[in-house]
Structures are given as structure tokens and as C-alpha cells.
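Descriptive structure summary
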Amino acid sequence: MTADVLLTVYGLELGLTELNPVAVRAISAFGYAGLGLLKCLALGIGLVCWALTPHQYAPVIPLGLATPSIIAVCINTALVFLVV
């Protein structure tokens with residue numbers, strides 16, 4: 001998640017555009033800290049869900065949090081390399 005935030009901020013500084021409308025609103029309202037707040041909120045919700053999920057299903061929660069972040073990091077990395 002940290003790599004996603006850092007690459008997103010770097011990409012925005014290079015002139016790329018954020019496409020996630022929730023992230024756009026958070027950045028508009030709180031600057032780059034809004035992006036971090038969104039990730040912290042997602043992580044917090046994930047931790048609560050993980051704590052409430054039966055033990056045998058609990059590994060699905062971190063996987064569900066990590067998968068979109070990994071995809072975003074791959075996309076952001078590719079876009080940054082295209083611009084630089």
C-alpha cells in the first residue's frame with residue numbers, strides 16, 4: 001500500500017492523472033495526505049474484518065487488501081516509466 005501511495009504521488013507530480021474518483025476527491029480535499037488517509041482507512045477496515053473473520057478464512061482478508069495494491073503498483077510503475 002505504501003508503494004502504491006508513493007508511486008501515485010510521484011506519477012501525479014510527473015503530470016499523470018488519478019482515475020479513481022474517490023482518490024481524486026480525497027486528494028482535492030486533503031492533498032496527498034488524503035491518499036494516505038484512504039489507505040489507512042482501508043487497512044483499518046481490513047484489520048477489523050480480519051479480527052472478526054473465522055480463523056480458517058482470515059487469510060483472505062490480507063490477500064484482498066494486497067491484490068489491488070499490487071496491481072496498482074504494477075500499473076503505476078509502467079506509467080511512470082512511460083513518462084520518464
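A few points on the structure. (Residues numbered from 1 in each chain as written. Predicted model: local features only at pLDDT ≥ 70, side-chain atom pairs only at ≥ 80, totals over all residues. Heavy atoms only, no water.)

1. Considering the nonpolar core
- Val-5, Val-9, Ala-23, Ile-27 and Leu-35 together form the largest nonpolar core, which totals five residues.
- Among the elements of the structure, α1 (2–13) and α2 (21–30) are those that each provide at least two residues to this core.
- Aside from chain neighbours lying at most four places away, what touches Ile-27 is Leu-12, Tyr-32 and Leu-35. (Core = buried A, V, L, I, M, F, W, Y, C linked by side-chain atoms within 4.5 Å. Buried < 20%, exposed > 50% of the residue type's maximum accessible area, 1.4 Å probe, protein only. Helix = DSSP H or I, 4+ residues; strand = E, 2+ residues; numbered from the N terminus. Contact = heavy atoms within 4.5 Å.)

2. Description of the environment of Thr-77
- Relative to the helices and strands, Thr-77 resides in helix α4 (residues 60–83).
- Note: C-alpha distance between Thr-77 and Tyr-32 (45 residues apart in sequence) is 18 Å.
- Within the structure, the side chain of Thr-77 is placed 2.7 Å from the backbone oxygen of Val-73, a separation counted as a polar contact. (Polar contact = N/O pair within 3.5 Å; in protein donor to acceptor, adjacent residues only side chain to side chain.)

3. Describing the packing of α1 against helix α3 (residues 32–52)
- Direction vectors running N to C along α1 and α3 enclose 155 degrees, while the axes themselves pass 10 Å from each other. Taken together, the axes of α1 and α3 are roughly antiparallel relative to one another. Note on packing geometry: the crossing formed by α1 with α3 is right-handed. Contacts from Asp-4, Val-5, Thr-8, Val-9, Leu-12 and Glu-13 of α1 reach α3 at Tyr-32, Leu-35 and Lys-39.
- Counted by class, the contact of α1 with α3 contains five nonpolar, one polar and three charged residues. (Axes fitted to C-alpha atoms, helices over the stretch in contact; angles between N-to-C directions. Parallel < 35°, antiparallel > 145°, perpendicular 65-115°, else oblique. Left-handed = near helix turned anticlockwise from the far one by under 90°. Nonpolar A, V, L, I, M, F, W, Y, C, P; charged D, E, K, R; others polar.)

4. Description of the packing of α2 against α3
- In the contact formed by α2 and α3, the axes pass within 6 Å of each other and the chain directions differ by 130 degrees. What the angle tells us is that α2 and α3 run oblique. Judged by the sense of rotation from one axis to the other, the crossing of α2 with α3 is right-handed. Along its contact with α2, which presents Val-22, Ala-23, Ala-26, Ile-27 and Phe-30, the element α3 presents Tyr-32, Ala-33, Gly-34, Leu-35, Leu-37 and Leu-38.

5. Here we look at the pattern of salt bridges
- Tallied over the full model, the rule gives one salt bridge.
- With a closest N to O distance of 2.6 Å, Lys-39 and Asp-4 form a salt bridge. Placement of Lys-39 in helix α3 and of Asp-4 in helix α1 is noted, with a sequence separation of 35 residues between them.
- Look at Asp-4 and you get buried, because its relative accessible area is 7%. (Salt bridge = Lys/Arg side-chain N within 4 Å of Asp/Glu carboxyl O.)

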